[in-house]
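Structural characterization, general
The chain contents come next:
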Amino acid sequence: MNAVVLKKGLLRSILTIIPMLISGFASYAADNKGDLNRPSITIIRNDENSSLGRINVKNEGMDGRGKLSKIDPKFVSSSPAIIAYTAFSGFEVALDDGSTALIHNPLTSSDATSLYVTFRSNQEMPLNETEWKLYKYNENLVLNEYDSRKINYNDFELDSNTYYFASWSPNPGEDDKPLVKGLYLCKVTVKAKKSTLKSTIKFKFEVTE
């Protein structure tokens, strides 16, 4: 059984439409909510093929969604110190107000693949690293190890009142293995200073060309 691959023209059409939909939604929200402040992104660190950013939630957003909830002390003692919310392949788009948004796109190309994870800590602590592990499905949909990368953040101090994201864009020039057509599974782990304080999440994406 072969993985489904979209034709090049269709992929370009999808990539063209997504930013238009985001822009349209943003305009609609602003028209219907007045002075609506959407979440924006602040880049904390941006290297050759990785980044660390802060997702700023300026107010409660639409219908109260997006507000950063207060952390219950019981949650701190009973839950993982770092909570990975989601991980995905995608890209950033510019919004009308000058901010940017992270967009999920499961279909990507071999030379423009960016992988993201969004997370939050339930207490102030230093961020140690993100560990990315790639597995590739063969034509029989059997998983094989493909590549991995650890990205160190030099114990950047996390604020428990902030959402964050980290990214990795595989680059053969940085000793990463070139991505080829096919379906992949990515497992990313966000680690604090102590190795026991970590959170792992998985997602799939497909390289179509």
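What this report covers is the structure whose coordinates are included nearby. (Residues numbered from 1 in each chain as written. Predicted model: local features only at pLDDT ≥ 70, side-chain atom pairs only at ≥ 80, totals over all residues. Heavy atoms only, no water.)

On to the overall build of the protein chain, then. What the protein chain contains, in helices and strands, is two helices and 11 strands. In the protein chain, the succession of α and β elements from N to C terminus is α-β-β-α-β-β-β-β-β-β-β-β-β. A buried classification covers 41% of the 209 residues belonging to the protein chain. Contacts in the protein chain between residues at least 24 apart in sequence constitute 69% of all its contacts with a sequence separation of at least 6. Carbon together with sulfur atoms contributes 51% to the accessible area of the protein chain, which is approximately 11,500 Å² in total. (Helix = DSSP H or I, 4+ residues; strand = E, 2+ residues; numbered from the N terminus. Buried < 20%, exposed > 50% of the residue type's maximum accessible area, 1.4 Å probe, protein only. Contact = heavy atoms within 4.5 Å. Areas by Shrake-Rupley, 256 points an atom, 1.4 Å probe, with all protein chains shown as cover.)

Tallied over the entire structure, the rule returns four salt bridges. A salt bridge links Lys 191 to Glu 131; the shortest N-O distance between them is 3.2 Å. On the criterion of sequence distance, the pair formed by Lys 191 in strand β10 (residues 182–192) and Glu 131 in strand β7 (residues 125–137) is long-range, its members being 60 residues apart. For Arg 149, the salt bridge goes to Asp 176, with nearest N and O atoms at 2.8 Å. Taken together, the positions of Arg 149 in strand β8 (residues 143–158) and Asp 176 in the loop between β9 (163–168) and β10 put the pair 27 residues apart, joining distant regions of the chain. One continuous salt-bridge network, built from bridges that share partners, spans Glu 129, Glu 131 and Lys 191. (Salt bridge = Lys/Arg side-chain N within 4 Å of Asp/Glu carboxyl O.)

Right, let's talk about the sheet that holds β10 for a bit. What the five strands build is an open sheet, ordered β5-β11-β10-β7-β8; its pairing is mixed. If you trace the sheet from one side to the other, it starts and ends with β5 (107–108) and β8, each paired once. (Pairing = 2+ DSSP bridges.)

To continue, consider the nonpolar core. One finds Val 117, Phe 119 and Phe 205 to be the most contacted residues of the largest nonpolar core, which totals 29 residues. Among the elements of the structure, β3 (82–94), β6 (115–121), β7, β8, β9, β10 and β11 (198–207) are those that each provide at least two residues to this core. With five residues, β10 is the single largest residue contributor to this core. Not counting residues within four places of it along the chain, the set of residues in contact with Val 117 comprises Ala 84, Thr 86, Ala 87, Trp 132, Tyr 164, Phe 165, Ala 166, Val 188, Val 190 and Ile 201. (Core = buried A, V, L, I, M, F, W, Y, C linked by side-chain atoms within 4.5 Å.)

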